[in-house]
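Remarks on the overall topology
Listed below are the residues making up each chain.
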Amino acid sequence: MKMNLSKIKGANVLSRENQSKIKGQAGVDLSLCGCSCSGAVTGPKYCEDYFACPQVHDC
């Protein structure tokens, strides 16, 4: 079902140029990621996909 967005109060129609300037984000906070003393990645599950720890980590 399509909806006519021009009828929504406060909505603006963006030009192609304006749409191309919109920057997206993965929505992950890498500041929550870290390394344990054993060298394992700590934090939320997605940290394993974005973060790597050295095998030897000084604590």
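Note: the structure precedes this text.
Owing to the predicted nature of the structure, the values given are computational and were not obtained by experimental measurement. Each chain has its residues counted from 1, running along the sequence as written. Local features in a predicted model are, by the rule used here, given only for residues with pLDDT of at least 70; side-chain atom pairs are given and counted only at 80 or more, and totals for whole chains, interfaces and linings are based on all residues. Heavy atoms throughout the structure, all of them, feed into the side-chain values; hydrogens and water do not.

1. Re the overall build of the chain
Secondary structure summary: the chain contains two helices and two strands in total. A run of H or I in DSSP counts as a helix once it spans at least four residues, and a run of E counts as a strand once it spans at least two, with each numbered from the N terminus. When the helices and strands of the chain are listed from N to C terminus, the series reads α-β-β-α. For every residue, the accessible area (1.4 Å probe, protein chains only) is compared with the maximum for its type, and the residue is labelled buried under 20%, exposed over 50%, or partly exposed between those bounds. Residues counted as buried form 8% of the 59 residues belonging to the chain. Note on areas: Shrake-Rupley with a 1.4 Å probe; residue coverage comes only from the protein chains shown. Of the roughly 5500 Å² of accessible surface on the chain, a fraction of 53% belongs to carbon and sulfur atoms.

2. Quick word on the state of the cysteines
Cysteine sulfur atoms are paired as a disulfide whenever they fall within 2.5 Å. Within the structure shown, the criterion is met by two disulfides. There is a disulfide in this structure between Cys 35 and Cys 53, and the S-S distance comes to 2.0 Å. On the S-S bond that ties Cys 35 to Cys 53, the torsion sits near -100 degrees, and the link is left-handed. On the criterion of sequence distance, the pair formed by Cys 35 in strand β1 (residues 34–35) and Cys 53 in the segment after α2 (47–50) is long-range, its members being 18 residues apart.

3. Description of the environment of Gly 34
Along the chain, the position of Gly 34 falls in strand β1. On the basis of relative accessibility, which here comes to 15%, the residue Gly 34 falls in the buried class. Separated by 13 residues in sequence, Gly 34 and Cys 47 have C-alpha atoms that sit 8.1 Å apart. Pairs of residues are marked as contacts when any of their non-hydrogen atoms sit within 4.5 Å. Each residue touching Gly 34, except ones within four places of it in the same chain, is listed here: Ala 40, Val 41, Thr 42, Phe 51 and Cys 53.

4. Some words on the pattern of salt bridges
For salt bridges, the criterion is a side-chain nitrogen of Lys or Arg within 4 Å of an Asp or Glu carboxyl oxygen. Tallying each qualifying case throughout the model produces two salt bridges. As a salt-bridge pair, Glu 17 and Lys 21 come within 3.4 Å of each other at their nearest N and O atoms. Like Glu 17, the residue Lys 21 is exposed in the burial classification. In this structure, Lys 45 and Glu 48 form a salt bridge, with 3.2 Å as the shortest nitrogen-oxygen distance. Taking the relative accessible area as the measure of exposure, Lys 45 reaches 66% and is therefore exposed. What makes Glu 48 partly exposed here is its relative accessible area of 48%.

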